[in-house]
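# Observations on chain architecture
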Amino acid sequence: MTHTVTLTPKTAAIVMASGEVQHLSHRKKIKLEFAQEIVGGWVEMLKISATHIMLCDDEGLLKNKPTNSAATALAHDAGLLHPHGRIAGNVIICRSEQF
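None of the values given here were measured: they were computed from a predicted structure. (Residues numbered from 1 in each chain as written. Predicted model: local features only at pLDDT ≥ 70, side-chain atom pairs only at ≥ 80, totals over all residues. Heavy atoms only, no water.)

## Description of the environment of Q36
As a reminder, the rule being used: Helix and strand definitions follow DSSP, with helices as H or I runs of at least four residues and strands as E runs of at least two, each counted in order from the N terminus. Whether two residues are in contact is decided by their heavy atoms: any pair within 4.5 Å suffices.
Here Q36 shows up in helix 1 (residues 32–39). As for Q36 and L55, which are separated by 19 residues in sequence, their C-alpha atoms are 8.9 Å apart. Those residues in contact with Q36 that sit more than four places away from it in its chain are G41, W42 and V43.

As C-alpha cells, then:
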C-alpha cells in the first residue's frame, strides 16, 4: 500500500512508518528533543520543498527500521534519494521555520 502526504502551507505532521499520520500545530516550534524522541535517534533534516523540511533518523537504515513509504515518496519527489533509496522509520514534516 502506498501512502501519501500532501504539502500545504499548514502541513505539520508526524508520519509513522506504518502510514499513520498525526497532525501537529503548524504554529508551534518543534524542539530538537521532541524530534529525537519521535524519530528515535539523531535527527537529519532534509529540505523537501521550498517551504518544508523532513526530520528523520540519521541512522534509520542502519537500525533496520521499516520503510516509511510516504516519506520515501516525498524524498524521491524532491530528488533527495537515488532510485532505490528509502527513508526508514518515523519522520516529522513541517515548515522550515518551525524547527
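Read on for the rest.
## Overview of the state of the cysteines
This is how it is decided: Any two cysteine sulfur atoms within 2.5 Å of one another count as a disulfide. Burial here depends on accessible area, computed with a 1.4 Å probe over protein chains only, as a share of the maximum for the residue type. Under 20% is buried, over 50% is exposed, and the range in between is partly exposed.
Under the defined criterion, the tally for this structure stands at zero disulfides. Its sulfur unpaired, C56 is 12 Å from the next cysteine sulfur, which belongs to C94. According to the relative accessible area criterion, C56 is buried, its value standing at 3%. Note on C94: relative accessible area 0%, which makes it buried.

## What to know about the side chain of T72
If you trace the backbone, T72 turns up in helix 2 (residues 69–77). Here T72 is in contact with T67, L81, G85, R86 and I87, once residues within four sequence places are set aside.

## Quick look at the pattern of salt bridges
Selection criterion: When a carboxyl oxygen of Asp or Glu is within 4 Å of a side-chain nitrogen of Lys or Arg, the pair counts as a salt bridge.
Under the defined criterion, the tally for this structure stands at three salt bridges. R95 is the partner of E97 in a salt bridge, and the nearest nitrogen-oxygen pair spans 2.7 Å.

## With respect to a nonpolar patch on the surface
Here is the rule: For patch building, the residue pool is restricted to those with more than 30% relative accessible area and no salt bridge; the joining distance is 9 Å between like charges and 5 Å between nonpolar side chains (Val, Leu, Ile, Met, Phe, Trp, Tyr). Computed with the Shrake-Rupley method and a 1.4 Å probe, the accessible areas treat only the protein chains shown as cover for residues.
The grouping of L32, M45 and F99 at the surface amounts to a nonpolar patch, some 280 Å² of accessible area in total. Structurally, L32 can be placed in helix 1. Using a relative accessible area of 41% as the deciding quantity, one classes L32 as partly exposed.

## So, the side chain of H52
Within the secondary structure, H52 sits in strand 4 (residues 52–57). Those residues in contact with H52 that sit more than four places away from it in its chain are L7, T8, T11, L46, K47, I93, C94, R95 and S96.

## Here we look at helix 2
Note the cut-off: Polar contacts here mean pairs of N or O atoms no more than 3.5 Å apart (in protein, one a potential hydrogen donor and the other a potential acceptor; neighbouring residues in sequence count only if both atoms are side-chain atoms).
When we look at burial in helix 2, the residues that qualify are A70, A71, T72, L74 and A75. Structurally, helix 2 contributes buried residues whose contacts are with strand 1 (13–15), strand 4 and strand 5 (91–95). Taking the backbone nitrogen of A70 as reference, a side-chain oxygen 3.4 Å away marks N68 as the first, capping residue of helix 2. At the C-terminal side of helix 2, G79 shows a positive phi close to 75 degrees.

## Quick notes on the nonpolar core
Put simply, the rule is: Among buried residues, those of type Ala, Val, Leu, Ile, Met, Phe, Trp, Tyr and Cys that are joined through side-chain atoms within 4.5 Å constitute a nonpolar core.
Counting residues in each nonpolar core, the largest one holds 13 residues, and the members touching the most others are V5, V15, M54, L74, I87, V91 and I93. The greatest single-element share of this core, amounting to four residues, is contributed by helix 2. When near neighbours in sequence (up to four residues on either side) are disregarded, I93 contacts V5, L7, T11, A12, A13, V15, I48, H52, I53, M54 and L74. Core analysis: the second largest hydrophobic core is formed by nine residues, A12, I38, I53 and I92 among them.

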